[in-house]
Amino acid sequence: MNYSLSDIINGAIITVTLAVLNIVFFIFTSLPTGIGSMIYRAGVLDPVLVMGGEYNRLLSACFLHSSPMHIFSNMILLLYCGAIVEKNIGHFAFAFSYLICAVAGNLATVFYEYLHMEFWTSIGASGAVFGVMGIMLVILIKMRHGLKGGSLLRRAAFMVVYSLVMGFSSSMVNNIAHVAGLICGTALACLITAGKRS
């Protein structure tokens, strides 16, 4: 049976809300006015400013995107993967996990850049989205015996590997956030699903 995107996200309230928020922020930051640039400057992940006490940037940067393709790719993954995860672990657990993975990805970025003394600014929901994919993988692994040949698990694993490879193929991508988000999501999923039957 084939499902449309609307079927998949039906009932995934938090997933849809997060996607809408990202799109709204992207529209505002794209406006040719001072408001857009002000929001961007106030939210971008800048390791120097974060270490100076502007910890809000660890989260705010996850709601900013640099281009239509940047936000499109992140939101498509969020809607598909997020809906699956949210329906399996619940609204609150999903919202909590998403935000924790977002912060974890950016926090790892800050530490990595300080360790190497190379500082870059970055934005995007990729760390959080990779976290969601990590949670989805754990869920599908636990459900694999109920899936015909584990095909859904194999497709999900391929999607994660492909996304990682594409990230590492570009010097302009914050791969630290991707990997940290994925690890954080996987760890959270193990805690959330501990004791649950497959």
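Residues numbered from 1 in each chain as written. Predicted model: local features only at pLDDT ≥ 70, side-chain atom pairs only at ≥ 80, totals over all residues. Heavy atoms only, no water.

(A) Main features of the overall build of the protein chain. Summing up its helical and strand segments, the protein chain has ten helices and zero strands in all. Secondary structure elements of the protein chain, listed N to C terminal, follow the sequence α-α-α-α-α-α-α-α-α-α. Computed over the C-alpha atoms, the radius of gyration of the protein chain is 17 Å, within 12% of the 16 Å expected from 2.2 N^0.38 for a compact globule of 198 residues. Dimensions along the principal axes, computed over C-alpha positions, put the protein chain at roughly 50 × 35 × 30 Å. Long-range contacts, defined as pairs at least 24 residues apart, comprise 76% of the intrachain contacts of the protein chain with a sequence gap of at least 6. Taken as a whole, the protein chain presents about 10,700 Å² of accessible surface, with 71% of it coming from carbon and sulfur. Both charge centroids of the protein chain, one from 10 positive and one from 6 negative side chains, sit 21 Å from each other. (Helix = DSSP H or I, 4+ residues; strand = E, 2+ residues; numbered from the N terminus. Rg over C-alpha atoms; globule rule 2.2 N^0.38 Å. Contact = heavy atoms within 4.5 Å. Areas by Shrake-Rupley, 256 points an atom, 1.4 Å probe, with all protein chains shown as cover. Lys, Arg positive; Asp, Glu negative; His and termini not counted. Charge placed at Lys NZ, Arg CZ, Asp CG, Glu CD.)

(B) Representation of the side chain of Glu113 within the structure. For Glu113, the location among the structural elements is in helix α7 (residues 91-116). Although Glu113 is buried, it forms no salt bridge, and the closest oppositely charged side chain is Arg57 at an N-O distance of 12 Å. Not counting residues within four places of it along the chain, the set of residues in contact with Glu113 comprises Pro47, Glu118, Phe119 and Trp120. (Buried < 20%, exposed > 50% of the residue type's maximum accessible area, 1.4 Å probe, protein only. Salt bridge = Lys/Arg side-chain N within 4 Å of Asp/Glu carboxyl O.)

(C) Just a nonpolar patch on the surface, in detail. A surface patch of nonpolar side chains, about 720 Å² in accessible area, is lined by Val16, Val20, Ile23, Val24, Ile27, Phe28, Leu31, Ile35 and Met38. Within the residue set of the nonpolar patch, elements represented by two or more residues are α2 (13-30) and α3 (34-43). Here the nonpolar patch gets six residues from one element, more than from any other, and that element is α2. Examined against the element boundaries, Ile35 turns out to sit in helix α3. A relative accessible area of 46% means that Ile35 is categorised as partly exposed. (Patch = residues over 30% accessible without salt bridge, like charges linked within 9 Å, V, L, I, M, F, W, Y side chains within 5 Å.)

(D) Main features of the packing of α2 against α7. In the contact formed by α2 and α7, the axes pass within 9 Å of each other and the chain directions differ by 35 degrees. Between α2 and α7, the contacting residues are Ile13, Ile14, Thr15, Leu18 and Asn22 on the first element and His91, Phe94, Ala95 and Tyr98 on the second. (Axes fitted to C-alpha atoms, helices over the stretch in contact; angles between N-to-C directions.)

(E) Focus on the nonpolar core. Membership of the largest hydrophobic core comes to 35 residues, with the highest contact counts inside it found for Leu78, Val85, Ile89, Phe94, Tyr98 and Met133. Sorting the residues of this core by element identifies α2, α6 (68-89), α7, α8 (126-142), α9 (151-168) and α10 (175-192) as the ones contributing at least two each. Among the elements that make up this core, the one with the highest residue count is α8 (eleven residues). When neighbours within four sequence positions are excluded, Tyr98 is seen to be in contact with Leu18, Asn22, Leu78, Ala125, Ala128 and Val132. (Core = buried A, V, L, I, M, F, W, Y, C linked by side-chain atoms within 4.5 Å.)

(F) Spatial organisation of the environment of Thr109. Position of Thr109 among the secondary structure elements: in helix α7. Separated by 43 residues in sequence, Thr109 and Leu152 have C-alpha atoms that sit 31 Å apart. In this view, Thr109 contacts Leu45, Asn174, Ile176 and Ala177; residues no more than four positions away in its chain are not counted. A polar contact is formed between the side chain of Thr109 and the side chain of Asn174, at a distance of 3.0 Å. (Polar contact = N/O pair within 3.5 Å; in protein donor to acceptor, adjacent residues only side chain to side chain.)

(G) Looking closely at the packing of aromatic side chains. Evaluation of the coordinates by the stated rule reveals five aromatic pairs. Judged by centre distance (6.0 Å) and plane angle (20 degrees), the ring pair of Phe158 and Tyr162 falls under stacked. Here Phe158 pairs with Tyr162, and both are found in helix α9, just four residues apart, close to one helical turn. By relative accessible area, Phe158 is classed as exposed at 58%. By relative accessible area, which is 46% here, Tyr162 ends up partly exposed. (Phe/Tyr/Trp six-rings, centres within 6.5 Å; stacked < 30°, edge-to-face > 60°.)

Shape is all these values report; function is a separate question.
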